[in-house]
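Results of the structural survey
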Amino acid sequence: MFVLVMTYLFQGTSVDAAEGQTAFSMKPSTTAVKKGGSFIVSIDGTNLKELYAYEVIVELSSGVTFDRGTDNLPGGSSASYLDNDMLRYGSTKFGTAAGENGSRTLARFSFTANAEGTASIKLVRVKTLDPALNPTVHEVNQTITVQVAPDNDSGNGNGNGNGNGNGNGNGNGNGNGTGSGTGNGNNPGKPRNVSEADGKGQVESGRIAIAANGPVQAPLALLQSWAKQNPAAVLALQAGHVTYSLPLSELSAPELLAQLGADAAKAEIRITVAEAAPEQKNQAERSAANVGSKLLMDPVEFEVTAVMPDGRSLPLTKFATYVPRSFELGSDVDPGQTTGVYIDPVTGELLPVPTVFRIVDGKTVADLYRKGNSAYTLVTTDKHFADLEGHWSRTTVETMANKLLVRGTSELSFEPDKPVTRAEFATLLMRVLALNPVTGKGAFSDVDGQWYGTAVQSAADAGLVTGYPDGSFRPDAHITRQELAVVLKRAASYANKPIANADRSQTVLPFIDRTQIADWAMDDIADIAAVGIMEGDARNAFHPEARTTRAEAAVVLKRLLLHVKMFSE
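Residues numbered from 1 in each chain as written. Predicted model: local features only at pLDDT ≥ 70, side-chain atom pairs only at ≥ 80, totals over all residues. Heavy atoms only, no water.

Topic: the environment of Leu-368
Positionally, Leu-368 belongs in strand S25 (residues 363-372). On the basis of relative accessible area, Leu-368 is assigned to the buried category, the value being 0%. The sequence separation of Leu-368 and Thr-355 amounts to 13 residues, and the corresponding C-alpha distance is 4.7 Å. Those residues in contact with Leu-368, other than ones at most four positions away along the chain, are Val-323, Pro-324, Arg-325, Phe-327, Gly-340, Val-341, Val-353, Pro-354, Thr-355, Tyr-376, Thr-377 and Leu-378. (Helix = DSSP H or I, 4+ residues; strand = E, 2+ residues; numbered from the N terminus. Buried < 20%, exposed > 50% of the residue type's maximum accessible area, 1.4 Å probe, protein only. Contact = heavy atoms within 4.5 Å.)

Details of the pairing of strand S26 (residues 375-381)
Most of S26 is tucked away, with 6 of its 7 residues classed as buried. Bridge analysis of strand S19 (residues 300-307) against S26 gives 2 bridges, and the strand direction is antiparallel. When the sheet's bridge partners are listed, Val-300 is paired in S26 with Tyr-376. (Pairing = 2+ DSSP bridges.)

Thoughts on the nonpolar core
As a rule of thumb, soluble globular proteins bury nonpolar side chains together. In this structure, Phe-425, Leu-433, Leu-464, Leu-488, Met-534, Leu-557 and Leu-560 are the most contacted members of the largest nonpolar core, which totals 60 residues. Judged by nonpolar contacts, the second largest core, of 51 residues, contains Ala-233, Leu-235, Leu-296 and Phe-357. (Core = buried A, V, L, I, M, F, W, Y, C linked by side-chain atoms within 4.5 Å.)

Side note on the pairing of strand S6 (residues 64-71)
With 6 of its 8 residues buried, S6 lies for the most part within the structure. Examined bridge by bridge, S6 and strand S9 (residues 100-113) share 7 bridges and lie antiparallel to one another. Counted as the bridge partner of Thr-65 is Thr-112 from S9.

Topic: the sheet that holds strand S4 (residues 38-51)
Where strands meet in a sheet, backbone hydrogen bonds hold them as pairs that are either parallel or antiparallel. Reading across from one edge, S2-S4-S9-S6 is the order of the 4 strands in this open sheet, with antiparallel pairing throughout. Lying at the two open borders of the sheet, with one neighbouring strand each, are strand S2 (23-28) and S6. If you compare each strand with its neighbour and ignore which way they point, the axes differ by 25° on average. (Axes fitted to C-alpha atoms, helices over the stretch in contact; angles between N-to-C directions.)

Description of the environment of Ile-271
Tracing the backbone shows Ile-271 in strand S17 (residues 268-275). Between the C-alpha atom of Ile-271 and that of Gly-214, which follows or precedes it by 57 residues, the distance is 8.9 Å. Those residues within four positions of Ile-271 in sequence are excluded, and the remaining contacts are Pro-215, Val-216, Leu-235, Leu-237, Tyr-244, Leu-246, Glu-303 and Val-304.

Concerning the pattern of salt bridges
According to the stated counting rule, one finds 24 salt bridges in the structure shown. Across the pair Arg-88 and Glu-55 runs a salt bridge whose closest N-O atoms are separated by 2.9 Å. Pair noted here: Arg-88 is in strand S8 (residues 86-92) and Glu-55 is in strand S5 (residues 53-60), with a separation of 33 residues, a long-range link. Between Lys-383 and Glu-411 there is a salt bridge, with the nearest N and O atoms lying 2.6 Å from each other. A residue pair is termed long-range when its members are at least 10 positions apart, and Lys-383 in the loop between S26 and helix H6 (394-402) and Glu-411 in the loop between H6 and helix H7 (422-432) qualify at 28 residues. In this structure Lys-383 comes out as buried when scored by relative accessible area, which is 16%. According to the relative accessible area criterion, Glu-411 is exposed, its value standing at 57%. (Salt bridge = Lys/Arg side-chain N within 4 Å of Asp/Glu carboxyl O.)

Overview of the packing of H7 against helix H8 (residues 453-461)
The N-to-C vectors of H7 and H8 enclose an angle of 70°; their axes lie 8 Å apart at closest approach. Classified by the angle their axes make, H7 and H8 are roughly perpendicular. For H7 against H8, the interelement crossing comes out left-handed. Between H7 and H8, the residues in contact are Ala-423, Ala-426, Thr-427 and Met-430 and Thr-454, Ala-455, Val-456, Ser-458 and Ala-459, respectively. Looking at side-chain class alone, the contact of H7 with H8 contains 6 nonpolar, 3 polar and no charged residues. (Parallel < 35°, antiparallel > 145°, perpendicular 65-115°, else oblique. Left-handed = near helix turned anticlockwise from the far one by under 90°. Nonpolar A, V, L, I, M, F, W, Y, C, P; charged D, E, K, R; others polar.)

Here is the structure:
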């Protein structure tokens, strides 16, 4: 599909921007940097009409190096190609996904200034496709310049750990008062090559630790060979106070190999852990303030990219398993009020991720889990709801709210006894499990265009929820307790911690109303009850047809996270 789209993008009718027409522009994050420093350039589109795919052509002056690109097309799959001083970067949706309208940032590019003087970047043209694959070429020819001054700072790239995040290779620092510095800064620099020697004595242990102050790059074939030797092995990139542990099994996924094509055996895998761009830090601070949270450290961006022999660069953004990012914190935190978050690249919102805290050599380490990459940080929140005073669920609900996993119905109200709809529970699942968003036209006839549309589609794509034979989802119907049990068991499997089937030879459901439980839910209720995620009331009645309340949903989701070992309090 991407090859087809790119072929169309080379064709099309050329148009010039006019009032009310689609137009594109380029904006730098700064107009001055020091030699060796990096800067971000955003590609913005206005008056977009059914944007399904795009390709930008950018011309670079000498002394400017393209580091990486971040695609902001919802549901898009991106690729880049660098030919001398000409950069081509594109992204496309797939299938029946709807096009984008209005104004948005399409992509952000990170560049390094390698020579003193004036660095220039020219946005030559943007090529677009609508969902019917009709191509249009937009001539832009906009040039921006960045002044590059001599580098007189002595930064040592070691991440000194003084609470100011010093030593980012440029002497700039990523100050936040809680971390010890990533040691990379936002200039990834030249990759450190990983070789067979790095795996000696480590593959067998299952953890191949690589210390680096910048990106690391390894042949895909080498990493796959290590995975064959030990299927549970992870490549642990240690960058200052941050460790990124990539399961090597992810690099043999059929979807990835199909995307890489015939040259997969020649591909290189590049892993980058670096300070997020200044604009991302500012966005994170604004987003934290919007939800009443406090940012504990500057965001750190994680990227995994497949680099092809022909220069193409394919980002790996989604994984089959939860990939941990570990942050060594410079101070103690309250686990019940602290959580990891990632920055939604489209909306800028801070979204929660399952987070576990542990003590290592007297220092607090936070493990953030998600099946995808982005920029990550930690926040602290102190949330209270007036209508939970005296309610049995207060402690759990407020802990879940402090971790941004559940929300109130207003600033001071939670309405714990209010029933939960199917759409609302899908939304809770998306937050609690940090599901990767799935956009475009979905499988259900009654969710498209609604506020919960993305959450329902994402939960369905993850295999957590299903619809009805008539093609509907019935989003406004209340979720019953027996439906809840079925979804929770699926969720445990999605988190790679499946719940074992209870011993059927000895299992007689202990609930006094077991005859009221539907046959299709009987086994899942038995299994969920056996591990303590759900239970009966004081009389040991399960109430299978009862509506699930907001308080009950919060409690069982916390128990689910505890069961899959992705929760601390």
